[in-house]
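Secondary and tertiary structure notes
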Amino acid sequence: SPTTITFSGSLGERAFTRPEMKFAASLPDAPQAASFRVAVDRAGVVRYCFLDSSSGDAALDEEARRTLALCRFSPNDKTTWAVATIVFGTDLALPGPAEHAR
């Protein structure tokens, strides 16, 4: 199954758009899901995005953080905090043996 992003609380119920997701791991092992604390302002823009639980791959965590920062939500009457979880799927590019040996 492909990589998914889910949001907790009321953000999980709001419509959102996200950029195309093309993640590439820097380590050969399959990563864990990564979770982030995010704040979305009244206009639907992600204003804060803090790593809460690492995937085990720092470069992949940073890719995920940048992707979340580009998500846009339907407007709301207040700033909303939630947890965003990214579960990496079969579309994740894993490095070959030569790439990992560098």
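Scroll up a little and you will see the structure.
It should be emphasised that the depicted structure is a prediction, and the values quoted were computed from it without experimental measurement.

What counts and how
- Residues numbered from 1 in each chain as written.
- Predicted model: local features only at pLDDT ≥ 70, side-chain atom pairs only at ≥ 80, totals over all residues.
- Heavy atoms only, no water.
- Salt bridge = Lys/Arg side-chain N within 4 Å of Asp/Glu carboxyl O.
- Helix = DSSP H or I, 4+ residues; strand = E, 2+ residues; numbered from the N terminus.
- Buried < 20%, exposed > 50% of the residue type's maximum accessible area, 1.4 Å probe, protein only.
- Contact = heavy atoms within 4.5 Å.
- Pairing = 2+ DSSP bridges.
- Patch = residues over 30% accessible without salt bridge, like charges linked within 9 Å, V, L, I, M, F, W, Y side chains within 5 Å.
- Areas by Shrake-Rupley, 256 points an atom, 1.4 Å probe, with all protein chains shown as cover.

1. A short note on the pattern of salt bridges
Across all of its chains, the model carries five salt bridges by this definition. Note that E62 is salt-bridged to R65, the shortest N-O span being 2.7 Å. With E62 and R65 both in helix α1 (residues 58-69) and three residues apart, this pair spans about one turn of that helix. Looking at E62, the relative accessible area reads 30%, which means it is partly exposed. Residues joined by salt bridges that share partners form a network here, namely E62, R65 and R66.

2. Description of the environment of P75
Examined against the element boundaries, P75 turns out to sit in the loop between β5 (72-73) and β6 (80-87). Note on P75: relative accessible area 66%, which makes it exposed. Sequence-wise, P75 and S55 are 20 residues apart; in three dimensions their C-alpha atoms are separated by 30 Å. If we ignore the near neighbours within four places in the chain, the residues touching P75 are R14, R42 and A43.

3. Description of the pairing of β6
Along β6, the buried face is formed by T80, A82, A84 and I86; none of W81, V83, T85 and V87, which line the opposite face, is buried. Of the strand pairs in this sheet, strand β1 (residues 4-7) and β6 are connected by four bridges, and their pairing is antiparallel. Each residue of the ladder has a partner; that of F7, found in β6, is A84. Examined bridge by bridge, strand β3 (residues 34-40) and β6 share seven bridges and lie antiparallel to one another.

4. Here's the deal with a nonpolar patch on the surface
On the surface, Y48, F50 and W81 cluster together into a nonpolar patch covering about 370 Å² of accessible area. Within the secondary structure, Y48 sits in strand β4 (residues 46-53). For Y48, a relative accessible area of 46% puts it in the partly exposed group.

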